[in-house]
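Chain by chain, the residues:
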Amino acid sequence: MVDKESILQKLPAVDRVMQEPIIKRLQEELPRSIVLTSIRNTIESYRAYIADHRGDKELLSLELTPLLIAKEAAENARENAGNSLKPVINATGVIIHTNLGRVPLCKTALNALTDVASGYSNLELLLETGKRGSRQMHLESLICELTGAEAAFVLNNNAAAVYIALNTFAAGKEIIVSRGQLVEIGGSFRIPEIISTGGVKLVEIGTTNKTYLSDYRDAITGETAAFLKVHTSNYHMVGFTATVDTSDLSELAREFALLLIEDLGSGVLFDLSRYGLPPEPLVQDSISSGADLVTFSGDKLLGGPQAGVVVGNKDLVSLIRSNQLARILRVDKFTVAALEATLQLYLDEDMAISDIPVWQMLTAGKEELKKRAKKIARNLADVFGNSSISVVEGMSKVGGGALPTVELPTSLVAINVNKEHFNVEKYTKKLRTGNPPVILRLKQNTMLIDPRTITVEQDKCLPDLLKNAFK
Ligand SMILES: *Cc1c(COP(=O)(O)O)cnc(C)c1O
């Protein structure tokens, strides 16, 4: 019979472990409280292990020296140190991945961000005169140039942009929206709820599939403030459908002195059909078709930081600017820096395509993707065995509620381990909790890696991460 108590007595005290040189060194790297917690947790896990295995002979061979506990505690502390929010490798092939932070920023945005964040900046200072300026001044003229709008205002996200537009112009009044456009966007952003939260009365018109100009006309009352047109960015309706063009709706709005607000979702600034993608409404087209205000996101197809942009008529934008909500929903300097740098690239379409990650990924060549998939597969063959690895044709997705019908042909590395003791769930968890975490696609028991959303630099470390997790 193995005596549990005598074994427990062998566990060193926390103070004793703290005296180990390896722990003294660790305290130069990590805060003392983290080191202490790690030692306590390590000792506690041994205590639990001993309790669970009482009576087992193997307990007698358990080494419980202060050095051993110190080593283990140091390893755990280092592993758990670091931030909760950290970079991950997105091997899913979903380009705008909301759970993974939507989209990576371009290099120039990152540089601008670091420059501005690491020191002071002229965020709200006019350098010429030394007078107070607005953080919006770094963005407004650029956005106007790109969209053809008279004025622009940037907020925390597009949900905020829609909300402030409704609140400023329609609070206590009615807004007319087509039933087919009462959509839900990810993260429980529902158009009807945003409207009611903004203190606006929603007047639904038309049917799910068809809304005509006459439906809008018939719904106008003395209480009507505006028409809201919402781009159904995350679903697509085919078949027996009818919607009203921005230009027709704008004419009707003018006739009755109403506003036309258009929520475009993604902020697309050039013709996508040039790149083999289905056309998306462009911000500049909505403006030139007569929308009074247009809102869009900074971090969907625009490929910048999280932000929401309202563009349109100068007087209207200035009323938004003076709404108290503008202060509540205002952007920080990091966003201003990253958005300005991203938008600069749009002054030259070729530059936007070649330098902004979302466009690099959307336009990545089929052959290039195949070459990269093959290379990753070769590097993995010796870990999993040749028969477990293959390169197969597949599809990447745009994600993030944009271009829902688009499937981008890609090449996937398929890993199908048929060993009895191999547990896919356990293995993918190990990958997810690794450093850096790897998120891949799972289809039944096959693990799929899509090179489209992986950077070329990550191609190199990915095989090692997969190898190490397999050990
Ligand atoms: C995504 C989206 C929003 C919300 O934009 P965020 O930037 O995520 O706040 C609003 N409207 C439409 C049509 C969208 O697609």
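As a starting point, this report considers the structure included with it. Because the structure is predicted, anything quoted here is derived from the model rather than measured.

## Re the environment of Glu75
- By the secondary structure assignment, Glu75 is in helix 5 (residues 66-80).
- Judged by relative accessible area, which is 55%, Glu75 ranks as exposed.
- Sequence separation between Glu75 and Ser38 is 37 residues, and the spatial gap between their C-alpha atoms is 9.0 Å.

## Thoughts on helix 11 (residues 246-255)
- For helix 11, the full list of buried residues reads Thr246, Leu249, Ser250, Leu252 and Ala253. Buried residues along helix 11 cover an arc of 160 degrees about the axis, so they all sit on one side. Seen from the open side of helix 11, the exposed residues pointing more than 90 degrees away from its buried face are Glu251, Arg254 and Glu255.
- In this structure, the buried residues of helix 11 make contact with helix 10 (213-219), strand 7 (224-230), strand 8 (259-265) and helix 12 (283-288).
- Just downstream of helix 11, Ala257 is the residue with a positive phi angle, here 55 degrees.

## Points about a positive patch on the surface
- A grouping of Lys371, Lys374, Lys375, Arg378 and Lys460 is seen on the molecular surface, where their side chains present a positively charged patch.
- The biggest single contributor to the positive patch is helix 18 (residues 366-384), with 4 residues.
- Tracing the sequence through the fold places Lys374 in helix 18.

## Considering the sheet that holds strand 3 (residues 174-178)
- As summarised here, the arrangement of the 7 strands in space is 2-10-9-8-7-3-6, forming an open sheet in which the pairing is mixed. The open sheet has two free edges, formed respectively by strand 2 (151-155) and strand 6 (201-205), since each of these has just one partner strand. Averaged over all adjacent pairs, the angle separating strand axes in this sheet is 25 degrees, with direction ignored.
- Sheet topology places strand 8 next to strand 9 (residues 293-297); 4 bridges connect them, and they run parallel. Within the sheet, the bridge partner assigned to Asp263 lies in strand 9 and is Thr295.

## Considerations on the site of the ligand
- What surrounds the ligand is the set Arg102, Asn157, Asn158, Ala159, Ile185, Phe189, His231, Ser233, Asp263, Gly265, Ser297 and Lys300.
- A distance of 2.8 Å separates an oxygen atom of the ligand from a polar atom in the backbone of Ala159.
- Within the side chain of Ser233, one N or O atom sits 2.6 Å away from an oxygen atom of the ligand.
- When the ligand sits alone it has 380 Å² of accessible area, and the protein chains cover 95% of it.

## Focus: the packing of helix 7 (residues 140-147) against helix 15 (residues 333-345)
- Interaxial distance between helix 7 and helix 15 falls to 10 Å at its minimum, and their mutual angle equals 30 degrees. It follows that helix 7 is roughly parallel to helix 15 by the angle criterion. Read as a crossing pair, helix 7 and helix 15 show a hand that is left-handed. Contact residues: Leu142, Ile143 and Leu146 in helix 7; Glu340, Leu343 and Gln344 in helix 15.
- For the contact of helix 7 with helix 15, the residue count by class is 4 nonpolar, 1 polar and 1 charged.

## A closer look at the pairing of strand 15 (residues 446-449)
- Residues Thr446 and Leu448 of strand 15 are buried on one face, and the alternating residues Met447 and Ile449, pointing to the opposite face, are buried as well.
- Pairing between strand 12 (residues 407-415) and strand 15: 3 bridges, direction antiparallel. From the neighbouring strand, Ala414 faces strand 15, where its bridge partner is Leu448.
- Taken together, the 3 bridges between strand 14 (residues 441-443) and strand 15 define a ladder with antiparallel strand orientation.

Calculation rules
Residues numbered from 1 in each chain as written. Predicted model: local features only at pLDDT ≥ 70, side-chain atom pairs only at ≥ 80, totals over all residues. Heavy atoms only, no water. Helix = DSSP H or I, 4+ residues; strand = E, 2+ residues; numbered from the N terminus. Buried < 20%, exposed > 50% of the residue type's maximum accessible area, 1.4 Å probe, protein only. Arc of directions from axis to C-beta. Contact = heavy atoms within 4.5 Å. Patch = residues over 30% accessible without salt bridge, like charges linked within 9 Å, V, L, I, M, F, W, Y side chains within 5 Å. Areas by Shrake-Rupley, 256 points an atom, 1.4 Å probe, with all protein chains shown as cover. Salt bridge = Lys/Arg side-chain N within 4 Å of Asp/Glu carboxyl O. Lys, Arg positive; Asp, Glu negative; His and termini not counted. Charge placed at Lys NZ, Arg CZ, Asp CG, Glu CD. Pairing = 2+ DSSP bridges. Axes fitted to C-alpha atoms, helices over the stretch in contact; angles between N-to-C directions. Near = heavy atom within 4 Å. Polar contact = N/O pair within 3.5 Å; in protein donor to acceptor, adjacent residues only side chain to side chain. Parallel < 35°, antiparallel > 145°, perpendicular 65-115°, else oblique. Left-handed = near helix turned anticlockwise from the far one by under 90°. Nonpolar A, V, L, I, M, F, W, Y, C, P; charged D, E, K, R; others polar.

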